Structure formats: structure tokens, C-alpha cells
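Structural overview
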Amino acid sequence: MTRLRLSAVFLVALASVVSPQCISNNDKLSLPLTPDLEHITPFSLDLLKEFNPPTTKGNFFFSPYSIWNALVLAYFGSARQTRQQLQDVLRLSDPSNTLATYKALERLYEERQANTSEYVIDLANKIYVDDDLTIRDCIREVLPKEVQKVDFRKANEAAATINNFVKEKTRGKIPTLVSGNDVASAVMVLVNAAYFKGLWKSAFKPTNTLKKNFYPTPDKSILVDMMNQEAKFKIGDSNDLRATVLEMPYKGDAASMFVLLPFKNIKGTSATPLDTMLQRLTKDSFSAIVKNLTQQKVILNFPKFKLEHKITGELTETLHRLGIKDLFTNASDLSNFDPAGRLFVSKGIHKAVVEVTEEGTAAAAATALIVEITSVFGLPPPPPRFFTCDHPFAFVITDKVTNNILFMGIFRDPNGTAM
């Protein structure tokens, strides 16, 4: 059978009006207005560990939520074994609940953005369909905002249409996601885009930022712009992770950055403190320490930094290792999009960028899947704790309303690029 090409590009997004029984047995199933996404944390951590084995040396930044959402769109178009593999790896319960969650998230983020100016979480989706590809009519009814016709025979124009959408949604942080060559043989591109901007609840004063040493390794130091402040933060030590964890909330208290700083000295292991911590990082160990953080005065030293990262062929390879196998081969079944069953994902692209300053954090991400056919009262306060991020650490940006990990990163070397 001749296999067409489908190109799928993803950044974060959601859907609205539903026509019954297109994607699931109950496309009109309703969920609470505030869905809890903590169940996808294992997928996020699995991705981090797969992308960053102990042999990795550089900095790293990505959005597991963007990748998860991109794959959820593929899940909506999948059937049989392909659907089951996506369901298992993404920790989805069933199509009905997944679609209801998808729609509830869209409403939630729209309402939050309409009611607050203290932070921005912008999520959007598009399904660009070639003029010559006939997809099921009900897909257009279930995802009316997303489906848009394009002419992939004019590859550069189609790529420009996609990139302009991504650029707009990421506030210019990701001006280019795909090239004309990426989509030249495409019949569909699923685009998922995410943007976050938050101001620190306790901002750093620029006048307190000084040049200080950061140690990528114990015997090497690099001068960095180290931000400094003394304030109350939630902090705690995890013997399980062998790390100290500190929460830096953003204004509005709906999102936070959790910094995971490994203990410097770990006896009895040849692995670096960061690698040891990452190996021990699980949903349970992360949840346990986050729930047990206590607020106290902290003298915080934290570097200013900007990271940019791009993942290409490694994305599909990693997802294949995690168990999404058929989607990337001729065994792919995306017949819920194309009843002829000719579509498979041939390539993946993910881009992410984050900038951390005295004021706060701005982050954006995009994922492209190129698919082809085929304290105690009365006692004196304790002295301030020191939290000095002068050696490699990990950080996680979470949406606390939905218990969801939006972005994850690893900072190893101020002079290094994302690897």
C-alpha cells in the first residue's frame, strides 16, 4: 500500500465543541473545571531521564507538557494497538476522559488568562491538513478551532504559516519550528505551542546581582551573574534524592519553580551528585519532598541564565524506547484521522527556551511530529538557611492549579550550550 505523508507539529493546546462518538465512546463526557494532571508526572520524569543519561554533559531544557499534548493529538487520531501504546506511555485512562480533560484544560487556561495579569500561560493547537487529504468530518467538528487547510505542495508557504502561528503564540521566543524541507511531503501537521511568563513573588534586586563562582565540576569555576536575596521560602532536604529543594513561587501563587540542588559530597558512588539525584528522581520522591517543604528565612543565591534547546531525531527514538513503537513505523494506525490507515510519524522536532532574571521567568516550547502516510510559636526564629546554586542543579516549573509539570531543565555549565 502506498503510504502518504503526514507531518505533525506540536506546542501546547486544547479543544472545544464536540460531536458525539468521534474520538471516544462518549465525546460529551464532562470533567471538573480544574483537572488534576499529576498522573502525567511519571511521563515527564521518564522523558527527562531518557534525554539526560549519565553520559550527558551539557545544559538541557524542554517542555514535557508540550510533547505530551502533541502525542495526545496523535492519540485522538489513533486506533487499536497504536492507541493502546500511546495510552499506556502517556498515562491516559481512556479516550472519553482524555478528551474531556483536554477540553476542560482549554476552558481553564482561557478563564485564568482572562482573570489575571500576574502571569501568562498561553496554549494553542492547530491541525494543518493538506488540501488533498480527506479526514473524517467529525474530527473537524470535535476540533473546530484546530483544523485548518493548507497546500503542502507549496512547502515554504506552508512552513511560513506554521512558523508564524508558533512565533505569535510564543511571543517571538520560537520564531522558526519547521522548514520547507520538513513539510515538503506532509499531508498533515499537528502544531502545539506553549508560552509561560511569571514574575517572582519575591523578586531579586538587580543591584544585589554580583559576579560569583559557579562550579561545573569541583575543580573548575566560572564567574556568573549571581542573583541574591534574603527572604522566606519553602525549603527542605530530601535524603532520598540526596538534594535540597527550594520553591520559588511566581506572583499569583498559581505557578512555581522548584530548584533541586544536589548535596555536594556523596560517598560510595562514582556518579556526579546531579546524576545520582536524577537517577533517584521519581513521582513519589518528588511529590514527597514538595509536600514536606517548610517555610523559613533563606539567603538565596541563584544564577541568571538563558537556555535554548532543540531535539530532533532523538525525540522519536526516545518515545520508541518508552513504548510508543508503532506510531513511528508502518505498523502505525492513525485511522481515526484517515480511515485508509496510511499515516505514520517519521520525524520529531522539539524546541524550548527559558530565560531567568531578577524579575522572573519566561519560557516557551514547541514540538513537531513529522508524520508520513505509511517554625514553633514562642521560640526565637531559626537562623537563615543558605541556598547557593553554585554547582549543577535541576529545576522544574509547575502549574500548581493542575499539579502539572510545564517545563524541566538542567543547568550544568554557564558557558555551555544545551546538549
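Everything quoted here is computed from the prediction, not taken from an experiment.

1. Here's the deal with the state of the cysteines
Using the criterion set out here, one finds one disulfide in the structure. Each sulfur of the disulfide joining C22 and C138 lies 2.0 Å from the other. Taking the torsion about the S-S bond as the criterion, the C22 to C138 disulfide, at about 65 degrees, is right-handed. On the criterion of sequence distance, the pair formed by C22 in the loop between β1 (8–10) and α1 (41–51) and C138 in helix α5 (residues 137–142) is long-range, its members being 116 residues apart. C138 matches C22 in its accessibility class, with the two residues each being buried.

2. Looking at the environment of D46
You can see D46 is positioned in helix α1. D46 sits in the partly exposed class, given a relative accessible area of 27%. Put simply, D46 and L281 are 235 residues apart on the chain and 9.6 Å apart in space, counted from C-alpha to C-alpha. Ignoring anything within four residues of it in the chain, the contact list for D46 reads R91 and L322.

3. Quick notes on the packing of α1 against helix α10 (residues 313–322)
Where α1 contacts α10, the two axes come as close as 10 Å, and the packing angle between them is 120 degrees. In terms of orientation, α1 and α10 fall into the oblique class. Judged by the sense of rotation from one axis to the other, the crossing of α1 with α10 is right-handed. In this structure, α1 contributes F43, D46, L47, E50 and F51 to the contact, and α10 contributes E314, L315, T318, L319, R321 and L322. Class assignment of the residues belonging to the contact of α1 with α10 gives a composition of six nonpolar, one polar and four charged.

4. Quick look at the environment of N163
Tracing the sequence through the fold places N163 in helix α6 (residues 155–169). Note on N163: relative accessible area 9%, which makes it buried. Remark: the alpha-carbon pair of N163 and V178, spanning 15 residues in sequence, is separated by 6.7 Å. Contacts of N163, omitting those with residues within four sequence positions, involve P175, T176, L177 and V178. Looking at N163, its side chain comes within polar contact range of the main-chain oxygen of V178, at 2.7 Å.

5. Side note on the layout of surface pockets
Considered as a void within the structure, the largest pocket measures approximately 470 Å³ in volume. For the largest pocket, the lining is made up of 20 residues, of which P216, T217, P218, T272 and P392 are closest to its centre. Only β6 (210–217) and α8 (273–280) provide two or more residues apiece to the lining of the largest pocket. Counted by class, the lining of the largest pocket contains eight nonpolar, five polar and seven charged residues.

6. A few points about the pattern of salt bridges
Applying the stated criterion to the full structure yields 21 salt bridges. The partner of R80 in a salt bridge is D333, with the nearest N and O atoms 2.8 Å apart. In this pair, R80 sits in helix α3 (residues 80–89) while D333 sits in the loop between α10 and β12 (343–356), placing the two residues 253 residues apart along the sequence. Residue classification places R80 among the exposed residues on the basis of a relative accessible area of 62%. Among the ionic pairs, K304 bridges to E358, the shortest N-O distance being 3.4 Å. Here K304, found in the loop between β10 (294–303) and β11 (305–311), pairs with E358, found in the loop between β12 and β13 (360–373); they are 54 residues apart in sequence, far enough to count as distant. Salt bridges sharing common partners tie together E106, E110 and K145.

7. Remarks on the side chain of N301
Along the chain, N301 turns up in strand β10. A distance of 3.2 Å separates a polar atom in the side chain of N301 from a polar atom in the side chain of K212.

8. Focus on empty space enclosed by the protein
One number sums up the size of the largest cavity: a volume of about 40 Å³. At the level of secondary structure, the elements contributing two or more residues to the lining of the largest cavity comprise β3 (119–130), β5 (188–199) and β16 (404–411). Across the lining of the largest cavity, the residue classes tally to nine nonpolar, one polar and no charged.

9. Remarks on the nonpolar core
Counting residues in each nonpolar core, the largest one holds 111 residues, and the members touching the most others are L71, M248, M257, L260, F302 and F393. If one sorts the elements of this core by residue count, helix α2 (residues 64–76) sits on top with nine residues. With 24 residues, the next largest nonpolar core counts Y195, V353, A362 and A366 among its residues.

10. Points about the packing of aromatic side chains
Each aromatic ring pair is described using two quantities: the centre-to-centre distance and the angle formed by the ring planes. Across all of its chains, the model carries 21 aromatic pairs by this definition. Grouped by ring-pair contacts, the aromatic residues F61, F214, F302, F305, F393, F395, F407 and F411 constitute a single cluster. Above the face of the Y75 ring, R83 is positioned so that its terminal group lies 5.2 Å from the ring centre.

11. Digging into unusual backbone geometry
One non-glycine residue with positive phi stands out, namely R91, at about 60 degrees. Looking at where R91 falls in the secondary structure, it is placed in the loop between α3 and α4 (95–115). A positive phi angle is found at R242, which is not glycine, with a value near 55 degrees. Tracing the sequence through the fold places R242 in the loop between β7 (220–238) and β8 (243–249). The exposure class assigned to R242 is partly exposed, which follows from its relative accessible area of 27%.

Reading the values: rules and limits
Residues numbered from 1 in each chain as written. Predicted model: local features only at pLDDT ≥ 70, side-chain atom pairs only at ≥ 80, totals over all residues. Heavy atoms only, no water. Disulfide = S-S within 2.5 Å. Helix = DSSP H or I, 4+ residues; strand = E, 2+ residues; numbered from the N terminus. Buried < 20%, exposed > 50% of the residue type's maximum accessible area, 1.4 Å probe, protein only. Contact = heavy atoms within 4.5 Å. Axes fitted to C-alpha atoms, helices over the stretch in contact; angles between N-to-C directions. Parallel < 35°, antiparallel > 145°, perpendicular 65-115°, else oblique. Left-handed = near helix turned anticlockwise from the far one by under 90°. Nonpolar A, V, L, I, M, F, W, Y, C, P; charged D, E, K, R; others polar. Polar contact = N/O pair within 3.5 Å; in protein donor to acceptor, adjacent residues only side chain to side chain. 1 Å grid on protein atoms, 1.4 Å probe; cavity = no way out; pocket = protein on both sides within 12 Å on 5 of 7 lines; lining within 4 Å. Points joined across faces, edges and corners; volume = space filled by probe spheres on them. Salt bridge = Lys/Arg side-chain N within 4 Å of Asp/Glu carboxyl O. Core = buried A, V, L, I, M, F, W, Y, C linked by side-chain atoms within 4.5 Å. Phe/Tyr/Trp six-rings, centres within 6.5 Å; stacked < 30°, edge-to-face > 60°. Lys NZ or Arg CZ within 6 Å of the ring centre and 35° of its normal.

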